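# Architecture at a glance
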Amino acid sequence: MLRSCEETLRWLLPHLAPVLVEQVRVEVLIVARTRDGTTVPCPDCGVPARRVHNRYRRHLADAALGGRPVAIELCVRRLFCDTALCTRRTFAEQIAELTTRYGRRTVVLAEIVQAIAFALAGRAGARLAAVLNIPISRTTLLNVVMAAPDPVPTAPRVLGVDDFATRRGRRYGTVLVDLDSHRVLDILPGREKAPLVAWLSAHPGIEVICRDRAGAYAEAANVGAPQAQQVADAWHLWDNLAHAVERTAIAHRSCLTPPPPADPEPRAATAPNPTLNPDTGSEKWLVTRTRERHRAVQDLLAQGWTISAIGRELGLTRHTTRRYARCENPEALADHAIRTTRLDAYRPYLINRWNQGCTNASTLFREIQAQGYPGRTPQAVRRFLRPLRDTAKTAPEPPPKPQNLTGWITRHPGHLRAEEERLLDDVLSRCPELATLRNHVHAFARMVCDRTGTDLPAWISAVRADDLPQLHAFADGLERDQDAVTAGLTPPWSSGPVEGHVNRIKMLKRQMYGRATLPLLRKRVLLA
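What you are looking at is a predicted structure, and each value in this text was computed from that prediction instead of being measured.

Calculation criteria
Residues numbered from 1 in each chain as written. Predicted model: local features only at pLDDT ≥ 70, side-chain atom pairs only at ≥ 80, totals over all residues. Heavy atoms only, no water. Helix = DSSP H or I, 4+ residues; strand = E, 2+ residues; numbered from the N terminus. Buried < 20%, exposed > 50% of the residue type's maximum accessible area, 1.4 Å probe, protein only. Contact = heavy atoms within 4.5 Å. Areas by Shrake-Rupley, 256 points an atom, 1.4 Å probe, with all protein chains shown as cover. Expected span 1.5 Å × (residues − 1). Arc of directions from axis to C-beta. Core = buried A, V, L, I, M, F, W, Y, C linked by side-chain atoms within 4.5 Å. Salt bridge = Lys/Arg side-chain N within 4 Å of Asp/Glu carboxyl O. Pairing = 2+ DSSP bridges. Axes fitted to C-alpha atoms, helices over the stretch in contact; angles between N-to-C directions. Parallel < 35°, antiparallel > 145°, perpendicular 65-115°, else oblique. Nonpolar A, V, L, I, M, F, W, Y, C, P; charged D, E, K, R; others polar. Disulfide = S-S within 2.5 Å. Lys, Arg positive; Asp, Glu negative; His and termini not counted. Polar contact = N/O pair within 3.5 Å; in protein donor to acceptor, adjacent residues only side chain to side chain. pLDDT = per-residue confidence, 0-100.

## Regarding the overall build of the protein chain
- Counting its secondary structure elements, the protein chain contains 22 helices and 12 strands.
- Within the span of the protein chain, comprising 528 residues, buried residues form 39% of the whole.
- Expressed as a percentage of contacts within the protein chain between residues at least 6 apart in sequence, the contacts between residues at least 24 apart total 58%.
- By element, 54% of the accessible surface of the protein chain is carried by carbon and sulfur atoms, the whole surface being about 30,000 Å².

## Section: helix H16 (residues 418-430)
- Between its first and last C-alpha, H16 extends 19 Å over 13 residues, near the 18 Å set by a 1.5 Å rise per residue.
- Looking only at H16, the buried set comprises Glu420, Leu423, Leu424, Val427 and Leu428. The buried residues of H16 occupy an angular sector of 130° when the element is viewed end-on, so they sit on one face. The outward face of H16, more than 90 degrees from its buried face, is lined by the exposed residues Ala418 and Ser429.
- In this fold, the buried residues of H16 make contact with helix H15 (402-410) and helix H17 (432-450).

## Here we look at the nonpolar core
- Counting residues in each nonpolar core, the largest one holds 38 residues, and the members touching the most others are Ile134 and Val175.
- Considering every element that reaches this core, the biggest residue donor is helix H2 (residues 107-120), with seven residues.
- Sequence-distant contacts of valine 175, that is, excluding residues within four places in its chain, are made with Gly160, Val161, Asp162, Phe164, Val184, Asp186, Ile187, Val498, Val502 and Ile505.
- Leu241, Ala249, Leu423 and Val448 belong to the second largest nonpolar core, which has 36 residues in total.

## Quick word on the pattern of salt bridges
- Within this structure, the stated rule accounts for 22 salt bridges.
- The shortest N-O distance in the salt bridge between aspartate 150 and lysine 523 comes to 2.8 Å. In this pair, aspartate 150 sits in the loop between helix H4 (138-147) and strand E8 (158-167) while lysine 523 sits in helix H22 (residues 518-527), placing the two residues 373 residues apart along the sequence.
- On the accessibility criterion, lysine 523 (11% relative accessible area) is buried.
- Across the pair glutamate 420 and arginine 411 runs a salt bridge whose closest N-O atoms are separated by 3.0 Å.
- Take arginine 411: its relative accessible area is 31%, and that puts it in the partly exposed class.
- Linked through salt bridges whose partners overlap, the residues forming this network are Asp150, Asp186, Arg522 and Lys523.

## Quick look at the sheet that holds strand E10 (residues 183-189)
- Judged by pairing direction, the sheet is mixed, and its five strands sit side by side in the order E10-E9-E8-E11-E12 without closing on themselves. Two strands close off the open sheet at either side, each with one partner strand: E10 and strand E12 (229-232). Pairs of neighbouring strands in the sheet enclose a mean axial angle of 25°, with direction left out of account.
- In this fold helix H5 (residues 193-202) packs onto E8, strand E9 (171-178), E10 and strand E11 (208-211), with an angle of close to 135° to the strand it touches most, E10.

## Topic: the packing of H2 against H4
- One way to put it is that H2 packs onto H4 with a least axis distance of 9 Å and a crossing angle of 90°. With respect to H4, the element H2 is oriented roughly perpendicular. Where H2 abuts H4, its residues Val113, Gln114, Ile116, Ala117 and Phe118 lie against Leu141, Val144 and Val145.
- Class assignment of the residues belonging to the contact of H2 with H4 gives a composition of seven nonpolar, one polar and no charged.

## What to know about the state of the cysteines
- One pass over the structure, following the stated rule, counts zero disulfides.
- Cysteine cysteine 255 shares no disulfide, and the gap to the nearest cysteine sulfur, in cysteine 431, comes to 3.5 Å.
- Look at cysteine 255 and you get buried, because its relative accessible area is 18%.

## What about the side chain of aspartate 233?
- Tracing the sequence through the fold places aspartate 233 in the loop between E12 and helix H7 (234-251).
- No salt bridge forms around the buried aspartate 233; measuring N to O, its nearest opposite-charge neighbour arginine 451 is 6.9 Å away.
- Engagement of the side chain of aspartate 233 in a polar contact is seen with the backbone nitrogen of tryptophan 235, the distance being 3.3 Å.
- Polar side-chain contacts of aspartate 233 include one of 3.0 Å to the side chain of histidine 236.
- Aspartate 233 has contacts with Arg211, Ser494 and Ser495, leaving out every residue within four places of it along the chain.

## A short note on the confidence of the model for the protein chain
- Residues at a pLDDT of 70 or more form 85% of the protein chain, whose mean pLDDT is 82.
- Mean pLDDT values over the elements of the protein chain span from 41, in strand E1 (residues 20-24), up to 93, in H15.
- In the model, residues 263-282 has pLDDT below 50 throughout and makes 23 contacts with residues more than four positions away in sequence or in other chains.

## Considerations on the pairing of strand E5 (residues 52-65)
- Relative to strand E6 (residues 68-80), E5 runs antiparallel, the two sharing 11 bridges. Of the residues in E6, the one forming a bridge with leucine 60 is isoleucine 72.
- Between E5 and the antiparallel strand that follows it, E6, lie two residues; glycine 66 among them carries a positive phi value of about 60°.

Here it is as structure tokens:
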């Protein structure tokens, strides 16, 4: 347990001579000495010794007090061991729970530094130590981690094995977890067979080995622990099945695209496409709007409204409201609302070309430009054709991707949204092979959830009876590892705790930046 400086002083008083405490600018200095006449047992033979050889001073760093570093200048004795059979002639006395052999820090400060090193390692640990007024470098913190002894090994009964990447795609390691206590037992270099065989041979008594589908781990378990039952993790089995489903979906990609819809009744040759008639187009809408505004302004005027109030009510400017109020002939305003443009002379030509099937605005613009149209951009032509395009059919929705189909097939049916269920049913109605694939996936899911591994041979036979080559490859792999797969679908053991430790290893590795060599990473995983 960590103690403050005051607790250290209270503990020292019964053992040491009167203490002088003085504050020197930036640090608190405690000067003390051990009491004369007290006996100290020899560290080798344990016989109490009293005869003093000499005294010497030790300088110890302690936990900070009031935001100031604390230093202890301690005078201790070196004593003779007078036991004739003891090989040690002299020894220095140690103060229990305060000093350690060759230590430059008190036991309390050493525990604080060790806790910081295990939790944060180098740079981050050094920043925290600076806040706590502990002068220590990042390299020293890493040395503290490396110098710490490994935890006492235990004899596991159920072992979890999985790999992790120290540098993805290049360097890997193997993590071993006791699935009874959920503690990491060791980390091995690489993910090959030989290191795991050596570790298993040195730890007999393992009854169950829970692993992924890697062949190297299966061979290592057969050689290093032939008595152990191997269990293929259910999550890895499901992941392998999902990859087989995706390969099958890619092979049937053509079934994902719906066939083109049947052509409706052919249009009569004389029936033109929709056109923008001047009497039914945007100009008529402007005339109608002008007449309605004029009528509304005149009605409000008859009720005694002011020009400003009418403008606020109808959302018109004061100038526009006054113009409607003063105009007695609404047809004059309607005629003024019909806007003329430079495109008006080419409107019959554009409508004729639209009826002939030419709907590209840029092409029509170049044609009328060759006829003398003075515009420089096709924007006016696009605006003219926009009402016609609004009546065009919407583009068909894109077909689902193989990855989406894989997710729909491997997901619980009750978790699908209505749109996803509709798209899935649409695809399966066009492809009997994919419908059969979904049935096999659901049957395998029931084996995983119900823990009925004894149904595996029947499932493999049913898969081989259908024309699904990608799923056949998955079934062949299950048959080669049938005992471990059956065990993985039957007992409650899984690699879940191992995967959790793999995530923790990734966090520790990233926390140490480029210093995450495997020996240092192993120490932190075992001790943190």
